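Structural overview for review
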Amino acid sequence: MIDLAQPRDLVAYLLMALGLAFDLLGCIGLVRLPDVYNRLQAGTKCVTLGTFLLLLGVVVRFGFDAMGWKALLCVWFIAMTSPTAAHAIARAAHRAGVPLAPGSVLDRYREDGEARARTEPGAAGAEEPAP
Amino acid sequence: MSPLELLMAGLLLAACLCLWRAWSGPTVADRTVAVDLLGILMVGFCALLTVETGKDLYMIVGLSWSLLSFVGSLTLAKHLEGRRFDD
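First, a word on what this report is: a plain description of the structure on this page. The shown structure was predicted, so the numbers you read here are calculated from the model rather than taken from an experiment.

1. Here we look at the pattern of salt bridges
Going through the model one piece at a time under the given rule, you end up with nine salt bridges over all chains. Residue aspartate 56 of chain B is joined to lysine 70 of chain A by a salt bridge in which the shortest nitrogen-to-oxygen separation is 3.1 Å. With aspartate 56 of chain B in the loop between helix H2 (28-53) and helix H3 (57-81) and lysine 70 of chain A in helix H3 (residues 66-95), this pair bridges two chains. Residue aspartate 56 of chain B is classed as partly exposed on the basis of its relative accessible area, which comes to 26%. Between arginine 110 of chain A and aspartate 107 of chain A there is a salt bridge, with the nearest N and O atoms lying 3.6 Å from each other. Among the charged side chains, a network of salt bridges with common partners joins Arg91 and Arg95 of chain A together with Glu81 of chain B.

2. Some words on the nonpolar core
Grouped burial of nonpolar side chains is what soluble globular proteins tend to show. In this structure, Met16 and Leu55 of chain A together with Leu41 and Leu48 of chain B are the most contacted members of the largest nonpolar core, which totals 51 residues. Of all the secondary-structure elements, those providing two or more residues to this core are helix H1 (7-32), helix H2 (36-62) and H3 of chain A together with helix H1 (3-24), H2 and H3 of chain B. The element best represented in this core is H2 of chain B, accounting for 13 residues. Residues contacting leucine 48 of chain B, with those up to four places away along its chain left out, are Met16 and Leu54 of chain A together with Leu4, Leu7, Met8 and Leu11 of chain B.

Cut-offs and rules
Residues numbered from 1 in each chain as written. Chains lettered and ligands numbered in written order. Predicted model: local features only at pLDDT ≥ 70, side-chain atom pairs only at ≥ 80, totals over all residues. Heavy atoms only, no water. Salt bridge = Lys/Arg side-chain N within 4 Å of Asp/Glu carboxyl O. Helix = DSSP H or I, 4+ residues; strand = E, 2+ residues; numbered from the N terminus. Buried < 20%, exposed > 50% of the residue type's maximum accessible area, 1.4 Å probe, protein only. Core = buried A, V, L, I, M, F, W, Y, C linked by side-chain atoms within 4.5 Å. Contact = heavy atoms within 4.5 Å.

Shown next as structure tokens:
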């Protein structure tokens, strides 16, 4: 339980409330933005930071005991895995030919693949499908 | 409603937004993104449950959930890319 009269619990609660705000904003971005790349952008970064803050609230509440160290380990895992998963999903979506939102002006990944296909035929990226 | 229950309700609202995107996403990639985010959100929910109950168990659940959701996201991404699981 949490007791807001204690300063330590109050700091932990404020951290967790801030984390929840980041989570909610990330999920609103996930619902509102136009295409999958924008959604990945809003969702992954906001939700990762929000979960960091929630876990840091656990660390502040309990100190460096069994739960605090596990929360720090969890922060480490998420910091390693979440950008990797987001990168893999974005790359897979681009290769699967998911189109960009109408109004997008730049697609560096496709330009890079085309340039590489011109200079070295048969290289990776030469079979890039045009989205 | 205690303060922590308020936070849990907000987190469940965020999870409902993710579920809506996973339900109605126009492409498979949108659904994959939503499921990935849902996994990270549930780790945060496990942190809230740890503070609420004071039990060590929920943090262990969060640890394993973060790693398993990473493996699931990579598998879905690879399937989306159209590759076999053994290359």
